[in-house]
Amino acid sequence: MTVGTGTRWPTVQLWLSTAARLGLAAVWLIAGGAKVTDLAGSGRAVNAYQIFPYDLAMIIGAALPLVELALGVLLLVGLATRLAAGVSAGLLMVFIAGITSAWARGLRIDCGCFGVGGELAAGQSPSYGLEVARDLAFLALAGFLLWFPRTLGSADAVVNRGFSDE
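Residues numbered from 1 in each chain as written. Predicted model: local features only at pLDDT ≥ 70, side-chain atom pairs only at ≥ 80, totals over all residues. Heavy atoms only, no water.

Colleague: Mind laying out the overall build of the protein, listing which residues take part and the relevant values?
Modeller: Across its full length, the protein carries six helices and two strands. Shown N-terminal to C-terminal, the secondary structure of the protein runs as helices and strands in the order α-α-α-α-β-β-α-α. Taken over the C-alpha atoms alone, the protein extends approximately 60 × 35 × 20 Å along its principal axes. When burial is assessed residue by residue, the protein has 39% of its 166 residues classed as buried. Across the protein, every contact between residues at least 6 apart in sequence was considered, and the portion connecting residues at least 24 apart equals 72%. Entry remark: accessible area of the protein is about 9000 Å², with carbon and sulfur atoms responsible for 69%. Taking the 10 positively charged and 10 negatively charged side chains of the protein as two groups, their mean positions are separated by 7 Å. (Helix = DSSP H or I, 4+ residues; strand = E, 2+ residues; numbered from the N terminus. Buried < 20%, exposed > 50% of the residue type's maximum accessible area, 1.4 Å probe, protein only. Contact = heavy atoms within 4.5 Å. Areas by Shrake-Rupley, 256 points an atom, 1.4 Å probe, with all protein chains shown as cover. Lys, Arg positive; Asp, Glu negative; His and termini not counted. Charge placed at Lys NZ, Arg CZ, Asp CG, Glu CD.)

Right, here's the structure in full:
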């Protein structure tokens, strides 16, 4: 059966898109929630990547949890799903590039993805390969939502109903 031509694909796609939307919402809500209570720590985690000047890293680190929480809420309620998926994909590509850069430069840091990261303690090893693989999986969810943004129980469906040509 070719995608889009079978009679079951629209139903399967709707469920897969809904699962992708809710899964990605959970990722952003957990990531942002873990950092929002320590914005300075989040800034230090961004600074550990040694990409930006300290002051800019602190600003990015303070803003990042708020962006993650906003994406999580938008995806949870299903509002502007395609836009939230696109921003998610872009952010995940930046994260993958940052982790890969730290790995290539031999930095020994915790990515800070789900909490406050930074320099690893003596004897700890980074897990860059797993972090990149995880973010690639999240990127696949975002990509699926970009392609198939229609989901069950979404605010988009309610909003778009008002603009229907029917």
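Colleague: Quick one: what's the story with the state of the cysteines, residue by residue and with numbers?
Modeller: What the rule picks out here adds up to one disulfide. The residue that forms a disulfide with C111 is C113, at a sulfur-sulfur distance of 2.4 Å. Since its relative accessible area comes to 12%, C113 is described here as buried. (Disulfide = S-S within 2.5 Å.)

Colleague: Can you explain the nonpolar core? Please cite residues and give values.
Modeller: One recurring pattern in soluble globular proteins is that nonpolar side chains are buried together. Judged by nonpolar contacts, the single largest core of 17 residues is most densely connected at L24, W28, L75, L91, F95 and L145. Sorting the residues of this core by element identifies α1 (9-35), α3 (54-77), α4 (81-104) and α5 (128-147) as the ones contributing at least two each. It is α4 that provides the largest number of residues to this core, a total of six residues. Those residues within four positions of L75 in sequence are excluded, and the remaining contacts are R21, L24, A25, W28, T81, A84, A85, S88 and L145. Counting 11 residues, the second largest nonpolar core, distinct from the first, contains Y49, L107, C111 and Y128. (Core = buried A, V, L, I, M, F, W, Y, C linked by side-chain atoms within 4.5 Å.)

Colleague: I'd like a description of the pattern of salt bridges, backed by residues and values.
Modeller: Counted by the stated rule, this structure contains two salt bridges. K35 serves as the salt-bridge partner of E68, at 3.0 Å between the closest nitrogen and oxygen. Of this pair, E68 sits in helix α3 while K35 sits in helix α1, and the two are 33 residues apart along the sequence. Neither E68 nor K35 differs from the other in exposure class; each is buried. Its salt-bridge partner being R134, residue D135 comes within 3.1 Å of it at the nearest N-O pair. (Salt bridge = Lys/Arg side-chain N within 4 Å of Asp/Glu carboxyl O.)

Colleague: Lay out the environment of V73 with the relevant residues and their values.
Modeller: With respect to the helices, strands and loops of the structure, V73 is situated in helix α3. When the C-alpha atoms of V73 and A25 are compared, they prove to be 6.8 Å apart, with 48 residues separating the residues in sequence.

Colleague: Quick rundown of α4? Include the residues and the values.
Modeller: Along its 24 residues, α4 runs 34 Å from first to last C-alpha, staying within 8% of the 34 Å computed at 1.5 Å per residue. Among all positions in α4, only T81, A84, A85, S88, A89, L91, L92, F95, I96, G98, I99 and A102 are buried. Backbone geometry just after α4 places G106 at a positive phi near 75 degrees. (Expected span 1.5 Å × (residues − 1).)

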